[in-house]
Amino acid sequence: MKKISHVLIIETPSGSRFVTLEFDDYSLGRGSQNSLIIKDSEVSRYHATIIREKNLNSKENQFWIYDGNLQGKKSTNGLRLDGERVFKHLLKHKDVIYLGTKVQLLYYQVLFEKLPLLYSLKKRQCFYEKSIDKSETLTYEPTIISLPILSASV
């Protein structure tokens, strides 16, 4: 069985960040105590939480995103998927979740052996930034991923 990596790209007006989801939980928000700090005025101090769970049928890891923190406090500007506000969502390949109106979370499932290719693409895009197309396409079995330009900092 091939190992799948879970990748989150955080896009803000000031830049993007590439994160491989390796831990059981992540907190996202403006506050300095979060594991993923997002500096944006529309992002709450504790905007969202991502939790890893094991799928009992397939034994594969899956990630859920929740609006707000684990104590039940919801974010001010919410999570949106396909224009609809969501409070809990099982992340699926190519999901785009909005935090407020300006911050996007792009979620991908990538074959583990293709991660170095994604990292090298990110470095090349950062280095050349304006001199390449708005997206690059990587092919792997059996999916095609289109990735946005990634800048060096968020």
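Residues numbered from 1 in each chain as written. Predicted model: local features only at pLDDT ≥ 70, side-chain atom pairs only at ≥ 80, totals over all residues. Heavy atoms only, no water.

A. View of the overall build of the chain. A count of helices and strands for the chain gives one helix and 13 strands. Counting from the amino terminus, the chain carries its helices and strands in the arrangement β-β-β-β-β-β-β-β-β-β-β-α-β-β. Within the chain, the fraction of its 154 residues that count as buried is 45%. Taking the intrachain contacts of the chain between residues at least 6 apart in sequence as the baseline, contacts between residues at least 24 apart amount to 45%. (Helix = DSSP H or I, 4+ residues; strand = E, 2+ residues; numbered from the N terminus. Buried < 20%, exposed > 50% of the residue type's maximum accessible area, 1.4 Å probe, protein only. Contact = heavy atoms within 4.5 Å.)

B. Examining the pairing of strand β6 (residues 61-67) more closely. In terms of residue burial, β6 counts as a mostly covered element, since five of its seven residues are buried. Of the pairings in the sheet, the one linking strand β5 (residues 48-54) to β6 comprises seven bridges and is antiparallel in character. Bridged to isoleucine 51 within β6 is tryptophan 64. Linking β5 back to β6 in an antiparallel pair, the connection comprises six residues, with lysine 59 at a positive phi of about 65°. Note: β6 against strand β9 (residues 88-90), three bridges, orientation antiparallel. Bridge pairing in β9 places isoleucine 65 opposite histidine 89. (Pairing = 2+ DSSP bridges.)

C. Examining the environment of aspartate 40 more closely. The residue aspartate 40 is located in the loop between β4 (36-37) and β5 in this model. Excluding residues that lie within four positions of it along the chain, aspartate 40 makes contacts with Pro13, Arg30, Lys102 and Val103. Polar contacts involving the side chain of aspartate 40 include one to the main-chain amide nitrogen of glutamate 42, which spans 2.9 Å. (Polar contact = N/O pair within 3.5 Å; in protein donor to acceptor, adjacent residues only side chain to side chain.)

D. Region of interest: the sheet that holds β6. Reading across the sheet, the five strands line up as β4-β3-β5-β6-β9 and stay open at both edges, with mixed pairing between neighbours. Of all the strands in the sheet, just β4 and β9 have a single pairing partner and so form its edges. Here strand β3 (residues 25-29) pairs with β4 via two bridges, running parallel. If you follow glycine 29 over to β4, its bridge partner there is isoleucine 37.

E. A look at the side chain of threonine 49. For threonine 49, the location among the structural elements is in strand β5. What makes threonine 49 buried here is its relative accessible area of 5%. Polar side-chain contacts of threonine 49 include one of 2.8 Å to the backbone oxygen of glycine 68. Ignoring any residue separated from it by four or fewer positions in sequence, one finds threonine 49 in contact with Tyr26, Trp64, Ile65, Tyr66, Gly68, Asn69 and Leu70.

F. Structural detail: a positive patch on the surface. There is a patch of like positive charges on the surface, built from Arg30, Lys39, Arg45 and Lys73. Examined against the element boundaries, arginine 30 turns out to sit in the loop between β3 and β4. (Patch = residues over 30% accessible without salt bridge, like charges linked within 9 Å, V, L, I, M, F, W, Y side chains within 5 Å. Areas by Shrake-Rupley, 256 points an atom, 1.4 Å probe, with all protein chains shown as cover. Salt bridge = Lys/Arg side-chain N within 4 Å of Asp/Glu carboxyl O. Lys, Arg positive; Asp, Glu negative; His and termini not counted. Charge placed at Lys NZ, Arg CZ, Asp CG, Glu CD.)

G. Geometry of the sheet that holds strand β7 (residues 79-81). Within the open sheet, the six strands sit side by side as β2-β1-β11-β10-β7-β8. Their pairing is antiparallel. Single-partner strands in this sheet number two, and they are β2 (15-21) and β8 (84-86). Mean inter-strand twist for the sheet, computed between neighbouring axes without regard to direction, equals 30°. Two elements, strand β1 (residues 4-12) and strand β11 (residues 103-111), share eight bridges in a ladder whose sense is antiparallel. Its bridge partner lying in β11, histidine 6 is registered against glutamine 109. (Axes fitted to C-alpha atoms, helices over the stretch in contact; angles between N-to-C directions.)

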